[in-house]
Amino acid sequence: MRITGISTHVVGTPWRNLTYVQVHTDEGLTGVGETRMLGRTDALIGYLREAEAHHIAGSDPFAIEDLVRRMKYGDYGRAGEIVMSGIAVVEMACWDIKGKALGVPVWQLLGGKVTDRVKAYANGWYTTERTPEAYHEAARGVMERGYRALKIDPFGTGHYELDHERTRYAVSLIEAVRDAIGPDAELMLEMHGRFSPATAIRLARDLAPFRPAWLEEPVPPENLKALEKVAARVDMPVATGERIHDRIEFRELFESQAADIIQPDVGHIGGIWETRKLAATAETHYLLVAPHNVGGPVLTAASLHVGFTAPNFKILEHFNDFADADIKKVVKGAPRVDPETGCFELSHAPGLGVELDVDAAAEFPQQQARFDLWAEGWEKRAPGGAADGGGE
């Protein structure tokens, strides 16, 4: 079997463009992959056009390790977000093809399952007015859908510092959310890399009474020493990693012990196998894995196949029941959260278990999607109000 070519389809919303790539073969099997680029969708498509000619066309879709190696190193330049995302969508599609050809789900090819379900947490649910009352109502709605966990960034446009008034308001939002979801649900606290270490530490202490399940990206991701400072002075798990695009770059993070939970994005770090390798390394450092997932159903499915096989997989982020939920119709067999358990259940369908509906995808043409995390109203993910930034 050989790859004959690829086709790309961009599904657009005001705050995110989702790029789907179909990999076609000479035996009639087609696989699909997906990523969500932030302001670089055209660059990704341009890269894939060149990579198709240089690396992809004519390759054996079963030889995934070799194809990834050639795409990552065969152009000599250091692979960054665009290249690693391009690798990811092609890599996912090859796993999909391999599973279909062998008649087994991808998780079976990764060593088999260690669990029958993966817990989900909701994001994109707080697209309402930024008041305690509105957040309380929205959070209750999340629980009513069966979720047992959710995440929120309550800090408005905070950057490095947050004054006393805005701190009190952020605390009031979290207080309302915790009251709505009860004492047992997990509440993930997102900081989007906004703050200086001193501010992040102060805010973490102010919000500790509401028992956050983790403190996510408290400081900008470029300075590991700053993250170490925060981790040493807060009494809650620290999560980070969505803006690291090569698993090798996690080495110093592991050595520092500055994080308790890593959050690779399967669509940005080279795909399913790269993420599974990273999870195995994380396990040797006693760290949990909770992938960043702002994608649609295909990226969600790919992340779940890692989750079903990794003993240290904690939970998976999910936007698609809340922010622009209609995009679920572009994929047949989209993963769903079981309202009885708050989890994604194991799928036995071959490959990734999902199929792109090209006609349905055409109903969502590419947009000038934008997400400005520093603009007023960013949390609404609406035209003129911003759309998703590097971390949800």
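What you see is a predicted model; the values in this text were computed from it and never measured.

For the domain arrangement of the chain, give the residues involved together with the corresponding values.
Interfaces are often sized by the amount of accessible area the parts lose when they come together. Each domain of the chain was delimited in the assignment, giving domain 1 (3–104) and domain 2 (108–350). The centre of domain 1, based on its C-alpha atoms, is set 25 Å off from the matching centre of domain 2. Taken residue by residue, the interface counts 33 residues in domain 1 and 34 residues in domain 2. Of the roughly 2600 Å² buried between domain 1 and domain 2 on both sides combined, carbon and sulfur atoms contribute 62%.

Could you give me a rundown of the UniProt feature "domain: Mandelate racemase/muconate lactonizing enzyme C-terminal" (unreviewed entry) in the chain, with the residues and numbers involved?
Sequence positions flagged by UniProt for "domain: Mandelate racemase/muconate lactonizing enzyme C-terminal" (unreviewed entry) are, in local numbering, residues 132–237. Within residues 132–237, the helical portion is 47% and the strand portion 11%, while the C-alpha atoms at the span's ends are 25 Å from each other.

Any details on the sheet that holds strand E3 (residues 30–37)? Residues and values, ideally.
Spatially, three strands are ordered E1-E2-E3 in an open sheet, and the strand pairing comes out antiparallel. Pairing within the sheet leaves two strands with one partner each, and these edge strands are strand E1 (3–12) and E3. When the angles between neighbouring strand axes are averaged without regard to direction, this sheet yields 20°. With eight bridges connecting them, strand E2 (residues 17–25) and E3 associate as antiparallel partners. Opposite Tyr20, over in E3, you have Glu34 as the bridge partner.

For the packing of aromatic side chains, give the residues involved together with the corresponding values.
Inspection of the entire model under this criterion finds twelve aromatic pairs. Judged by centre distance (6.1 Å) and plane angle (55°), the rings of Trp95 and Trp273 are tilted. In this pair, Trp95 is assigned in helix H3 (residues 81–102) and Trp273 in helix H10 (residues 272–284), connecting sequence segments 178 residues apart. What makes Trp273 partly exposed here is its relative accessible area of 29%. Judged by centre distance (5.8 Å) and plane angle (80°), the rings of Phe371 and Trp378 are edge-to-face. The same class applies to Phe371 as to Trp378, namely buried. Taken together, the ring pairs in this structure connect Trp15, Trp125, Tyr126, Tyr135, Phe319, Phe371 and Trp378 into an aromatic cluster. Its end group placed over the ring of Tyr126, Arg381 keeps NZ or CZ at 5.9 Å from the ring centre.

Explain the nonpolar core residue by residue, including any values.
Membership of the largest hydrophobic core comes to 116 residues, with the highest contact counts inside it found for Trp125, Leu150 and Ile272. Among the elements that take part in this core, H3 stands out by supplying eleven residues, more than any other. Each of domain 1 (3–104) and domain 2 (108–350) gives at least three residues to this core. Counting nine residues, the second-largest nonpolar core is a separate cluster that includes Tyr121, Ala149, Ala213 and Ala239.

Which residues make up the packing of helix H2 (residues 64–73) against H3, and what are the values?
Viewed as axis vectors pointing N to C, H2 and H3 meet at an angle of 165°, and their least axial separation amounts to 10 Å. As judged from the angle between their axes, H2 and H3 are roughly antiparallel. For the pair H2 and H3, the sense of crossing is right-handed. Contact with H2, carried on its side by Ile64, Leu67, Val68, Met71 and Lys72, involves Val83, Met84, Gly86, Ile87, Val90, Glu91, Cys94, Trp95 and Lys98 of H3 and no other residues of that element.

Just give me the short version of the pattern of salt bridges, but keep the residues and values in it.
Counted under the stated rule, the structure contains 28 salt bridges. A salt bridge links Lys113 to Asp116, with the nearest nitrogen and oxygen atoms 2.6 Å apart. With a relative accessible area of 40%, Asp116 lands in the partly exposed category. Residue Glu216 is joined to Lys151 by a salt bridge in which the shortest nitrogen-to-oxygen separation is 2.7 Å.

Could you give an account of the side chain of Glu317, naming the residues involved and the relevant values?
Relative to the elements of secondary structure, Glu317 occurs in strand E11 (residues 316–318). Here Asn123 takes part through its side chain, which lies 2.8 Å from a polar atom of the side chain of Glu317. There is a polar contact of 3.4 Å between the side chain of Glu317 and the side chain of Lys151.

Conventions and cut-offs
- Residues numbered from 1 in each chain as written.
- Predicted model: local features only at pLDDT ≥ 70, side-chain atom pairs only at ≥ 80, totals over all residues.
- Heavy atoms only, no water.
- Domains from an automatic or database assignment.
- Contact = heavy atoms within 4.5 Å.
- Buried area = accessible area lost by both parts, 1.4 Å probe.
- UniProt positions renumbered as here; feature names shortened; annotations may be inferred.
- Helix = DSSP H or I, 4+ residues; strand = E, 2+ residues; numbered from the N terminus.
- Pairing = 2+ DSSP bridges.
- Axes fitted to C-alpha atoms, helices over the stretch in contact; angles between N-to-C directions.
- Phe/Tyr/Trp six-rings, centres within 6.5 Å; stacked < 30°, edge-to-face > 60°.
- Buried < 20%, exposed > 50% of the residue type's maximum accessible area, 1.4 Å probe, protein only.
- Lys NZ or Arg CZ within 6 Å of the ring centre and 35° of its normal.
- Core = buried A, V, L, I, M, F, W, Y, C linked by side-chain atoms within 4.5 Å.
- Parallel < 35°, antiparallel > 145°, perpendicular 65-115°, else oblique.
- Left-handed = near helix turned anticlockwise from the far one by under 90°.
- Salt bridge = Lys/Arg side-chain N within 4 Å of Asp/Glu carboxyl O.
- Polar contact = N/O pair within 3.5 Å; in protein donor to acceptor, adjacent residues only side chain to side chain.

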